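# Chains, contacts and geometry: an overview
Okay, here's what each chain looks like letter by letter:
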Amino acid sequence: MVDNDNKPSLGRGLRLLIALALLLLVAVVLMVVLQLTESALNIWHLLGQMSPTLLGLYLAGLVLFAFAALMVAWWFFKPRKPVQARRREAPPPKDAAELEARLEQAAGKGIATHEARTELRELQQRQQRETIYVVLFGPVSAGKSSLIKALTGDASIETDPRAGTTRYIAHYALPDDEQADITLTDAPGILDTDPDKVARARDEARRAHLVVYVTDGELTRDQYQEISELLAFGRPLVIALNKIDRYAPEDLEAIKRRIAERAPDVPVIAVRAGGTEEVIRVMPDGSEQRVARERPADISALRDAIRDAATRRGRRLTELRDQSLLSLGAEKLHASIAEYRRGQAEKLVKQYTRKAMLGAMAAVTPGTDLLIQGYLGVSMVKALANLYEVRVREMDLEQFVELASKNVGKRMPVLLALSGNVLKAFPGIGTVTGGILHAVAYGMIFDSLGKAVAKTLDETGALESGRALNYFEETLGGNLENRAKRFARLAVEEIAKRR
Ligand SMILES: Nc1nc2c(ncn2[C@@H]2O[C@H](COP(=O)(O)OP(=O)(O)OP(=O)(O)O)[C@@H](O)[C@H]2O)c(=O)[nH]1
Ligand SMILES: [Mg+2]
């Protein structure tokens, strides 16, 4: 640093020159002021001679112009919220061709599309058949399979008091129907402990024309939630209240009333699937015997409701079914895209972390490393945003990385000390120089920043800077020792490669 007392004095010639330049500047300013005053007086004079209408128009024009200029200035200088750009979700595809086009585009990028393609194929196959698909859906052991058994008379259908009997989707034709071709679909129960079975049932509810929600009692809050989600997907729905043999008539009415209050637009049909049950019979000699007893079925109201829907609303049901299956396909594609992006984001973060570490090792003078890392940081966040198709302005990107750097600044001494510490465990790297210390620290910083940004983009479809910075703080400060060791190992490997 240069001391004030030792400041070299400016030469006389130079001071004279500066004084002359200042004088010239004052003269120019004076001239400009005089010129402006003259113009203003002239304009004032001319305005005085104008007709009042023309004067009004002129003044209005002036005000408008000033307002426009102010607006432009405001737009330019207004304080900007840091990075809030949001990705627009694609609306559901209109038809099979549109979904097909989206699938091809995704496949071109290397995204796995088989799950979505299966849904598209399913739709195309179902469109070729005349039949109306009716799925029996609901909690385990509510009697879905028993109802299908009763409706079709198919004795091979497995039913059991134990929960989770039906594992896979199965279709059965509703026999002897002249008015409509109806297929009943048996599905695993929801509220099953196996999430795959539940997912299979939920998907099937999206593929069917009509959903019969089977319950054997009061509905829980989760069940109402499930029903309202199905309704939101545009699924035509009826509730079959099964096992009515177990209820007194007034209890049954009370349950029906409560369902009607919570799901007012959904018809509730009381049924009894029947089946057999084991009872203990006391014999005349006092001994006990287990015997199978038939429960009479009462399913005609449900059969009528299904037929009625299929014959009266068949076309509308098919339209809704097509839309529902298309959106299911689109959702599956969306999930595959998200999966693909997560994988790519991980690769990008690895690449940039390595670059940042190499940059830190190569930095010659203090300060350059920060500059390189700042540039790299912006590039990494930009690459991640591009991957998630989130448009972020350059200015916002820089502002975000600047905010992240401020967080880093506070932690840098700790990170460097930690790097020094863990590097001691690696023999043969010679003296621990600034470069390698910074490399380890930057490894940790870039890895945390990249992961935080990727997580935010994945969760919100936007680069919400507050959330991303919080995640960054969390990851940067967590599990320090192990992460420092990991990046120390990487840095040492990098040095070994160069030797
Ligand atoms: N009391 C009575 N029991 C019934 C009735 N319908 C079915 N059940 C009994 O309820 C139990 C479950 O029936 P399932 O048809 O296997 O039920 P599910 O909904 O298909 O069950 P999962 O496949 O496990 O999801 C069986 O023991 C049936 O006998 C009925 O109307 N009344
Ligand atoms: Mg079943």
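Okay, so let's go over this structure.

## Things to note about the coordination of the magnesium ion (ligand 2)
When four donors bind a metal tetrahedrally, each ideal donor-metal-donor angle is 109.5 degrees, and when six bind octahedrally, the ideal angles are 90 or 180 degrees. The magnesium ion (ligand 2) binds to the protein through Ser145 (OG) and Thr166 (OG1), with metal-donor distances spanning 2.0 to 2.1 Å. Remark: threonine 166 occurs in the loop between helix H5 (144–152) and strand S2 (170–173) and serine 145 occurs in helix H5; sequence separation between them is 21 residues. For serine 145, a relative accessible area of 8% corresponds to the buried category.

## Things to note about the pattern of salt bridges
By the definition in use, this model includes 30 salt bridges. For glutamate 204, the salt bridge is made with arginine 126, and the minimal N-O distance between the two is 3.0 Å. Residue glutamate 204 is located in helix H6 (residues 195–207), and its partner arginine 126 is located in helix H4 (residues 114–128); the two are separated by 78 residues in the primary sequence. Taking relative accessible area as the criterion, glutamate 204 reaches 1% and is therefore assigned buried. We note a salt bridge from arginine 393 to aspartate 396, for which the minimum N-O separation is 2.9 Å. One continuous salt-bridge network, built from bridges that share partners, spans Glu119, Glu122, Arg126, Asp203, Glu204, Arg207 and Lys332.

## Remarks on the pairing of strand S1 (residues 132–137)
Taken across its 6 residues, S1 has 6 buried, putting it largely inside the fold. Along S1, one buried face is formed by Ile132, Val134 and Leu136 and the opposite face, lined by Tyr133, Val135 and Phe137, is buried too. Strand direction decides the pairing type here: S1 and strand S3 (residues 182–186), joined by 5 bridges, are parallel. Bridge assignment links leucine 136 to a residue of S3, and that residue is aspartate 186. Note: S1 against strand S4 (residues 210–215), 4 bridges, orientation parallel. Across the sheet, valine 134 pairs through a bridge with leucine 210, a residue of S4.

Cut-off values and rules
- Residues numbered from 1 in each chain as written.
- Chains lettered and ligands numbered in written order.
- Predicted model: local features only at pLDDT ≥ 70, side-chain atom pairs only at ≥ 80, totals over all residues.
- Heavy atoms only, no water.
- Donors = N, O, S within 2.8 Å, 3.2 Å for Na, K, Ca; no water.
- Helix = DSSP H or I, 4+ residues; strand = E, 2+ residues; numbered from the N terminus.
- Buried < 20%, exposed > 50% of the residue type's maximum accessible area, 1.4 Å probe, protein only.
- Salt bridge = Lys/Arg side-chain N within 4 Å of Asp/Glu carboxyl O.
- Pairing = 2+ DSSP bridges.

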